[in-house]
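# Chains, contacts and geometry: an overview
Next come the chains, spelled out residue by residue.
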Amino acid sequence: MATTLLLTAACGSDDGGGEASGDSGQPDKVTVGVIPILDVAPIYLGVEKGFFEKRNIDITLEQAEGGAAIVPAVVAGQYQFGFSNMISLLLAHSQGLPLKVVSNGVNSTGVEDEDFAALMVKGDSPIESPADLEGKTVAANTLKNIVDTSVRASVRKAGADPAKVKFAALPFPDQPGALASGRVDAVFVVEPFQQAVLAEGGRKIASSYVDAAPNLTVAAYFASQQLIGDNPDLVKRFGEAMQEALSYADSHPEEAREIIGSYTDIAPDVIAKVTLPKWPADVNKESVQTLADLALEDGLLSEAADVDALLS
């Protein structure tokens, strides 16, 4: 799905949003790469509430398939800002890509069995806990990313060997059917796909984001180092607008729930049931460091990540 939300006519400006608008009095036109999932509800709510407009930002939200497409688009200046999970950002930063986190994105609820993501099996599966996943196959939407990092954390916590778990790449929408048909032994799904698995009689065996780190920062908004250097005032205003949007969404969950239907194809009855994530205004730096340590332990990173450089 590739839809665009416009405030006042605008794709990103030809100069990539790098020039300040102060002299002309015109708002800064920026494009933000997002994914059509409930995680990004605050930025849509922020547009609706005028949090960006009052900071002289004319914003376009452009939907992409995932962070793998958003990261290079931000670095190339196609998007001025983007949304991606923290493992993708840690990996990109470790590979020398010039990007930095400029705002928190979305966090786990931090509550076992009450998170917006879960490790799940069929109702009649002999698998009772993550420890039983040794030698089994778990579906992940992408490989070598935050899903397998978090699932391995659950397996490790249960006292088993995470290196003995196999992963198969499968888009979230395909995972409930693959689980029901026995093509995989377990799935790790976010909402609304958690509801789809539950509707087919599946059950949760772990809340892997909760197992990975307390109140885990799952994803964040980021910008290129070039934009940060060329237009620090724009980056500051965007960050302030996002902080307001995140705080508003976190304190008005029903408004956040309502806006999800404006940019996704999720059915209204399902939106009413989904477990919402948390949207704190600030990144949980300690949880990002934990993710970086897990990624190093699992071999995703070849050397320790510089979390301070990515976040500050």
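Residues numbered from 1 in each chain as written. Predicted model: local features only at pLDDT ≥ 70, side-chain atom pairs only at ≥ 80, totals over all residues. Heavy atoms only, no water.

With that out of the way, let us pick up the layout of surface pockets. As a volume, the largest pocket reaches approximately 1,200 Å³. Taken together, 43 residues make up the lining of the largest pocket; nearest its centre are I35, I37, E65, N141 and F172. Looking at the lining of the largest pocket, the elements with two or more residues in it are helix 2 (67-75), strand 4 (81-85), helix 3 (86-94), helix 4 (146-157), helix 6 (193-199), strand 11 (217-224) and helix 11 (268-271). If you tally residues by element for the lining of the largest pocket, the top one is helix 2, at five residues. (1 Å grid on protein atoms, 1.4 Å probe; cavity = no way out; pocket = protein on both sides within 12 Å on 5 of 7 lines; lining within 4 Å. Points joined across faces, edges and corners; volume = space filled by probe spheres on them. Helix = DSSP H or I, 4+ residues; strand = E, 2+ residues; numbered from the N terminus.)

Read from one edge of the open sheet, five strands run 8-7-9-6-10, paired in mixed fashion. Looking at the sheet topology across the chains shown, the edges are occupied by strand 8 (166-169) and strand 10 (203-206). This sheet shows a mean twist of 40 degrees between the axes of neighbouring strands, independent of strand direction. Sheet analysis places strand 6 (residues 117-121) next to strand 9 (residues 186-190), joined by four bridges and oriented antiparallel. Residue pairing in the sheet places L119 in a bridge with F188 of strand 9. (Pairing = 2+ DSSP bridges. Axes fitted to C-alpha atoms, helices over the stretch in contact; angles between N-to-C directions.)

Once that is clear, we can look at the side chain of D148. Inspection of the secondary structure puts D148 in helix 4. Among the residues examined, D148 registers a relative accessible area of 2% and is labelled buried. Here K144 takes part through its backbone nitrogen, which lies 2.9 Å from a polar atom of the side chain of D148. Within the structure, D148 has its side chain in polar contact with the backbone nitrogen of N145 (distance 2.7 Å). Setting aside chain neighbours within four positions, we find D148 in contact with T142, L143 and F167. (Buried < 20%, exposed > 50% of the residue type's maximum accessible area, 1.4 Å probe, protein only. Polar contact = N/O pair within 3.5 Å; in protein donor to acceptor, adjacent residues only side chain to side chain. Contact = heavy atoms within 4.5 Å.)

So, about the confidence of the model for the protein chain. Confidence in the prediction of the protein chain, expressed as mean pLDDT, is 92, and 92% of residues score 70 or more. Counted against residues more than four places away or in other chains, residues 1-23, with its pLDDT under 50, gives 54 contacts. (pLDDT = per-residue confidence, 0-100.)

Here we come to the side chain of S150. Structurally, S150 is set in helix 4. Apart from the residues lying within four places of it in its own chain, the contact partners of S150 are S208, Y209 and A212.

Take the packing of aromatic side chains next. This model, assessed by the stated rule, comprises nine aromatic pairs. Considering the side-chain rings of F51 and Y248, the 5.9 Å spacing of their centres and the 70 degrees angle between planes classify their relative orientation as edge-to-face. Placement of the pair is F51 in the loop between helix 1 (41-49) and strand 3 (57-63) and Y248 in helix 9 (residues 232-251), with a sequence separation of 197 residues. Given the relative accessible area of 7%, F51 is considered buried. Ring centres 5.7 Å apart and planes at 45 degrees place the aromatic pair F116 and Y209 in the tilted group. With F116 in the loop between strand 5 (99-107) and strand 6 and Y209 in helix 7 (residues 208-212), the pair connects residues that are 93 residues apart, well separated along the chain. This pair shows no difference in class: F116 is buried, exactly as Y209 is. Through pairs of rings, three or more aromatic residues link up here, namely F52, F81, F83, Y221 and F238. (Phe/Tyr/Trp six-rings, centres within 6.5 Å; stacked < 30°, edge-to-face > 60°.)

In this section: the environment of V307. Looking at the element boundaries, V307 is found in helix 13 (residues 307-311). For V307, the residues in contact, after removing those within four places along its chain, are L90, K285, V288, Q289 and A292.

Turning next to the pairing of strand 11. The element strand 11 is extensively covered by neighbouring structure, given that eight of its eight residues are classed as buried. Looking at chain direction, strand 4 and strand 11 are connected through five bridges and run antiparallel. Along strand 11, the bridge assignment pairs N85 with A219. Here strand 5 pairs with strand 11 via seven bridges, running antiparallel. Residue pairing across strands places V101 opposite F222, the latter belonging to strand 11.

Moving on to helix 10 (residues 253-263). Residues spaced three or four apart along an α-helix point in a common direction, a consequence of the helix completing one turn every 3.6 residues. Of the residues making up helix 10, those classed as buried are A256, R257, I259, I260 and Y263. Viewed end-on, helix 10 has its buried residues packed into an arc of 170 degrees, placing them on one side of the element. Seen from the buried face of helix 10, the exposed residues on the opposite side, beyond 90 degrees, are E254, E258 and S262. Structurally, helix 10 contributes buried residues whose contacts are with helix 1, strand 3, helix 9 and helix 11. (Arc of directions from axis to C-beta.)

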